[in-house]
Amino acid sequence: MTNQKRIAIIGSTGSIGTQTLETIDTFPELFKAQVITARRSADLLISQARKHRPALVVIADNGLYQPVRDALTPLGIEVAAGEKAIAEAAARDDVDTVVTATVGYSGLEPTMEAIRSGKEIALANKETLVVAGELITRMLSRSGARIIPVDSEHSAIYQCLVGEATESVNKLIITASGGPFRTFEKERLASVSPADALRHPNWQMGAKITIDSATMMNKAFEIIEARWLFDIAPERIEAVIHPQSIIHSMVEFTDGAVKAQLGVPDMKLPIRYALGCAKRLPVDNGFLSLSDMSALTFEKPDTDRFPCLGYARLALEKKGNSACIINAANEIAVEAFLKGRIRFTDIPELIAYSLDKVSFIPSPTYTEYVATNAEARNVASDHISDLNIKRHSTI
Ligand code: MG
């Protein structure tokens, strides 16, 4: 089969990664998993490789190299380990499309490699554009690479923009489910548990993004992502709460018309659209039944209860490395919250603190982004220790 598109999935064992492999399974005549990579989930990575027989498998954690190699080399599968090997995998000649399905800052380097080598990129790692949107946009304009978003909101906007002139766009309207705490009073948010936060009403996603949805940091990131992806002024991007998650986002045009993209809340839909490179791949199920729906409703987002949402504007106004700081502090805060070390309401507090303390760089280079990420993570981690010492000493 010579017409198969060869796919590298950076982060194949996570939520988007496994759903990408399922999509490849549905269209074996169109796609082949050429490279799969994982951070630490060696067992799942091995079983995925046994099934899909990629040319290359990479495990980020060097300590897990041996068991993966022992399991897969007898099958004729090349095995490598380490962060650098993952970035190199994204640039291989035998790869047509790179799916960046990792979570967090770690997606940056492989995405940059994929851009440099002019690949087609199905971008699921929103942090890449959050952390270094300006740099990535500059790189994209110089290379022949093309990004198709996998994030459902951005996929929706992308679809609404097909056939439209840039100057006709008035506003991007990003929908948000509002997460599991949409109706909670402010006071109640201080005592919610990680288990409460992990119960998302509409979407099945990984732990990090589910917590980001609960704090609405995810929506803030998506505003920043949209700013760079669609090259639009921040004031022309609006977020609206739409609890049913049926409208995945909208575009308002200068004549007053609004286009929306609707569908069941299933990430396979944007994955299919991105893998197909904006072509529609037909499926047998997963269709929307509008007559079974009683209402599609909308609300204004509340930045008082969900301050993280407001940080998108702050970052886009301050520019420089501020979104990188917010992202790093958020990664540390979410990790600490999931481990029960801080309260839910400490997450925005920790981000604001880090943004204030970490050195601001107006026009950062790649090396400066790396340094900012490291500094912000340290500042946030130290502040968590301070918070805990203070709290324990007052009990
Ligand atoms: Mg999204």
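Everything that follows concerns the structure shown earlier in this document.
Residues numbered from 1 in each chain as written. Predicted model: local features only at pLDDT ≥ 70, side-chain atom pairs only at ≥ 80, totals over all residues. Heavy atoms only, no water.

**A short note on the sheet that holds strand β8 (residues 169–176)**
- Taken together, four strands build an open sheet; the order of strands is β9-β8-β10-β11 and the sheet is mixed. In the strand order of this sheet, the two ends are held by β9 (237–241) and β11 (258–262), each with one partner. Adjacent strand axes in the sheet meet at a mean angle of 20 degrees when their direction is disregarded.
- Bridging between β8 and strand β10 (residues 247–253) involves four bridges; their strand directions are antiparallel. Residue Lys171 lies in a different strand from β10, and its bridge partner there is Glu252.
- Each of β8, β10 and β11 touches helix α7 (residues 152–161); the most contacted strand, β10, lies at about 40 degrees to it. (Pairing = 2+ DSSP bridges. Helix = DSSP H or I, 4+ residues; strand = E, 2+ residues; numbered from the N terminus. Axes fitted to C-alpha atoms, helices over the stretch in contact; angles between N-to-C directions. Contact = heavy atoms within 4.5 Å.)

**Re the pattern of salt bridges**
- With the rule as written, the count across this model stands at 26 salt bridges.
- Here Lys51 makes a salt bridge to Asp25, at a shortest N to O gap of 2.6 Å. One end of the pair, Lys51, is in helix α2 (residues 42–52); the other, Asp25, is in helix α1 (residues 15–26), with 26 residues separating them in the sequence.
- What makes Lys51 exposed here is its relative accessible area of 56%. (Salt bridge = Lys/Arg side-chain N within 4 Å of Asp/Glu carboxyl O. Buried < 20%, exposed > 50% of the residue type's maximum accessible area, 1.4 Å probe, protein only.)

**Focus on the side chain of Thr100**
- Mapped onto the elements, Thr100 comes out in strand β5 (residues 97–100).
- What makes Thr100 buried here is its relative accessible area of 1%.

**So, the coordination of the magnesium ion**
- Taken together, Asp151 (OD), Glu153 (OE) and Glu222 (OE) make up the full set of protein donors to the magnesium ion, lying 2.1 to 2.2 Å away.
- Of note, the magnesium ion draws all its donor residues from one chain, in the sequence arrangement D-x1-E-x68-E. Each member of the pair Asp151 and Glu153 is classed as buried. (Donors = N, O, S within 2.8 Å, 3.2 Å for Na, K, Ca; no water.)

**Considerations on the packing of aromatic side chains**
- Per the counting criterion, the structure on display carries five aromatic pairs.
- Relative to Phe184, the ring of Phe181 lies with its centre 5.0 Å away and its plane at 50 degrees, an arrangement referred to as tilted.
- Classification of Phe181 by relative accessible area gives buried; the value is 1%.
- Taking the relative accessible area as the measure of exposure, Phe184 reaches 15% and is therefore buried.
- With a centroid separation of 5.1 Å and 80 degrees between ring planes, the pair formed by Phe181 and Phe344 is classed as edge-to-face. (Phe/Tyr/Trp six-rings, centres within 6.5 Å; stacked < 30°, edge-to-face > 60°.)

**A few points about the nonpolar core**
- If you look at the biggest cluster of nonpolar residues, it comprises 124 residues, and the most contacted ones within it are Leu72, Leu172, Phe181 and Phe344.
- No other element matches the eleven residues that helix α14 (residues 322–338) contributes to this core.
- Excluding residues that lie within four positions of it along the chain, Phe181 makes contacts with Leu189, Val192, Asp196, Ala197, Ala214, Arg305, Phe306 and Phe344. (Core = buried A, V, L, I, M, F, W, Y, C linked by side-chain atoms within 4.5 Å.)

**Section: the sheet that holds strand β6 (residues 120–123)**
- Read across the sheet, seven strands follow the order β4-β3-β2-β1-β5-β6-β7 without closing on themselves; strand pairing throughout is parallel. The sheet is open, and its two borders are formed by β4 (78–81) and β7 (146–149), each paired with just one other strand. Within the sheet, the average angular offset between the axes of one strand and its neighbour, ignoring direction, is 20 degrees.
- Of the pairings in the sheet, the one linking strand β1 (residues 5–10) to strand β2 (residues 31–38) comprises six bridges and is parallel in character. Looking at the pairing, Lys5 lines up with Phe31 of β2.

Keep in mind that these numbers describe shape and distance, not what the molecule does.
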